[in-house]
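Observations on the model geometry
Okay, here's what each chain looks like letter by letter:
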Amino acid sequence: MINYNLRLNLNIAIVSMVQSRPKNNQTHTSECIIETNFTEFLYTNQSKSNFTGLNNTNSYTFKLPKSNPARYLPKSPTYNWNEKEQGILLGSFFWLHWVTQIPGGILAGKYGTKLVFGLSNFIGVLCALLIPTAASFGYYHLLMLRVVQGIITGFAWPSMHNMTAKWIPPNERSKFITAYLGSSVGAALTYILCGFIMDAWGWEAVFYFTAAVGTLWYVAWFFLVFDSPSEHPRISTAERDYIIESLGKTVNKKQATIPWRSILTSVPVWMNCLGHVGGLWGLFMLLSNAPIYFRFIHGWRLTSTGILSGVPQLFRMLSSMIISRIGDYVLRNNILSRTNVRKLATGLSTIGQGFCMIAIAYSRCNSMMAFIFVAGSAACHGAVSTGVLASIVDNSPNYASIVLGMANSLVCFNGFATPLLVGYFTNNNQTIIQWQKIYLISATILIVTGIIYCTFSSSKLLPWNDPHNNKLKETIELQQVKRLKKLADQSASEDEKQKMLGNNGTNQEYVDESKKY
C-alpha cells in the first residue's frame, strides 16, 4: 500500500500542480459536460464576479459565492508544464526503476526481505517528503528526485517473493499473494484521500500525508516482521512445524550459485515475464492516467476525480481475494492442474482487461459506463495474484525473487511508456478521439500478451530450482562415464566387467545412488 502510494501521489497531485493551459486566451474546455456546482474557476483582478465555470455554451458564468471567497483562491503554487512535460515527469519514476529489480531479489536472499523491503520503502517515503521543495526549485529538480525515488523503491517488490517462499505453503500461495494487492488499497486511498486533501489544504499536503503514514508503517514493519518462521519469536510450534513441513524441500536453506543460464533460457520464466508486463500495461494505463482522463475529458472536480480514479482499485483487491480462494480450492481438490489454474487467472487479468479497455474506448461521454469498465478492468487484473505472481513461485521458490525482479524490470517500460503515449496523443489535444486511440492500443497489447501466455506457459516446478540435487546427479553421471572409460582402457575380463556393472549390465552403484537421489 505504501509502495503504491509513493508511486501514485504525484499522479493525482499533478492535476492541481499545473496551470490550466490557455488556448487563444480561452481556458481548456471539456467535450463532456458534467453538471456540477463548480468544474473549473478562474480568478482575475478585474472583478470578483470573474470566477468562471463551464456550461453547455462554453461561456463562463458562475458567480463568486458570497461566503468566504478566499476559500476559492489558489492555495498552492502552480507550474506551467504542458502535457508532454507532465508525461515525462510521471514516467521518470520508472526510468531507472528496473536497475534495482534483480539486485532487490538477490539482496533479499542474502540479507532478508525485512531489511531490503523495509529500507527501500522508507527511503522512498523520505523522498516524497522532499517533493514540494524540489518542485519549488524547478522542473528538473523534481524530475531528478523522482528518478532517485524510483531507483530506491525498485528494491522492494522482488524482495517480497523471497519471504513468500519461506512462509507460505504451495497450496495457499494464491490467497497470501492477495496481500500484494495492498497496492490496490494504496492506489484507492491515494486518489480518494488526496483529492480531498488537495481541495482543503493544497497539493503539498499530499506528500506530507504520504510521509507521515509511511513512517508509521516502517515502525510497525521493523518491530513486527521476521524473514522466516524459524526466526519469529512469537509463532506457535504447531504453526511453525506445519509451514516447514508443507514447504518440504522446495526451499533451500543453503545459498547456492544462481543458475543464470537455466533461468534466462527457460520458456516458463519468459512467459511469466510476458504475462506480467501485459497485465500491468493495462493497470499502469489506468493508475497513471485515470485522474487526467476523468478531470479533462469528463470534467470532474478534484474530489470527484480522486474518487472515480481510486474506487476501481478496491474492486481489484476484492476480486483478487475471491479469485485466489477459488484458485486454491481448485488446486486442493485437484479439479484442474496448477498450470491450467494459472493460465485461466492470467487470461482473465490480460484478455479480460483488454475487452474492458475496448469498452472504455467507446464509452465516449457516458461517465457511468467509463467508470464501470475502469472498475471492471481493475477487477480483472486482481486475478494476477492467482496467475503470474503465483506461477513465478510455483516454477522456482528458491529463485522467485530473481525471476520477479526480471519481470518487474521489464514492467518498468510500462511505467514510463504509458504516460509518454498519453502525452503524445493528447498534447494540447484533450479529446475523446485521442483517448479512444490510447485505449484501443492498450487493448491490443493486453489481448496479444494474454493469448501468448495461455499458449506457451507452464507452472510446474522447474528442475533447476534445486541446484544442489542437480549437482549430485551430474556428479554421479560423471563418475559413471569415468568408470566405463576406465573399463574400456583396461580391457578387463568379462567376469570383471560383470562384477563392475552388475547382473543386468548396469553400474549397480550408480543405480543405488540414483535411487537415493
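Since the structure is predicted, the reported quantities are computational estimates derived from the model, not experimental observations.

Let's shift gears to the nonpolar core. Burial of nonpolar side chains together is a common tendency in soluble globular proteins. In terms of nonpolar packing, the biggest core is built from 105 residues, with Met17 and Tyr439 touching the most fellow members. The dominant element in this core, judged by the number of residues it contributes, is helix H13 (residues 267-296), at 16 residues. Apart from the residues within four sequence positions on either side, Met17 is in contact with Leu10, Pro77, Thr78, Tyr79, Trp81, Ala135, Leu142 and Trp203.

The next subject is the side chain of Asn3. In this structure, Asn3 sits in helix H1 (residues 2-17). Of note is the side chain of Asn3, whose polar atom sits 2.9 Å from the side chain of Asn121. What Asn3 contacts, discounting residues up to four positions off in sequence, is Asn121, Thr153, Ala156 and Trp157.

Look at the UniProt record and you will see "transmembrane region" (unreviewed entry) annotated at residues 115-133, 177-199, 205-226, 269-294, 368-390, 402-426 and 438-456. Helix makes up 91% of residues 205-226 and strand 0%, and the two end C-alpha atoms of the span are 33 Å apart.

The subject of this paragraph is unusual backbone geometry. Peptide bonds are mostly trans, and most non-glycine residues show a negative phi. Within the chain, Asn334 stands out as a residue other than glycine whose phi angle is a positive 50°. With respect to the helices and strands, the residue Asn334 is situated in the loop between helix H14 (302-332) and helix H15 (338-361). Overall, the relative accessible area of 66% leaves Asn334 in the exposed class. Backbone geometry at Arg364 places phi at a positive 50°, although glycine is not the residue there. Looking at where Arg364 falls in the secondary structure, it is placed in the loop between H15 and helix H16 (367-381). Here Arg364 falls in the partly exposed class, since its relative accessible area comes to 43%.

Thresholds, definitions, all that
- Residues numbered from 1 in each chain as written.
- Predicted model: local features only at pLDDT ≥ 70, side-chain atom pairs only at ≥ 80, totals over all residues.
- Heavy atoms only, no water.
- Core = buried A, V, L, I, M, F, W, Y, C linked by side-chain atoms within 4.5 Å.
- Buried < 20%, exposed > 50% of the residue type's maximum accessible area, 1.4 Å probe, protein only.
- Helix = DSSP H or I, 4+ residues; strand = E, 2+ residues; numbered from the N terminus.
- Contact = heavy atoms within 4.5 Å.
- Polar contact = N/O pair within 3.5 Å; in protein donor to acceptor, adjacent residues only side chain to side chain.
- UniProt positions renumbered as here; feature names shortened; annotations may be inferred.

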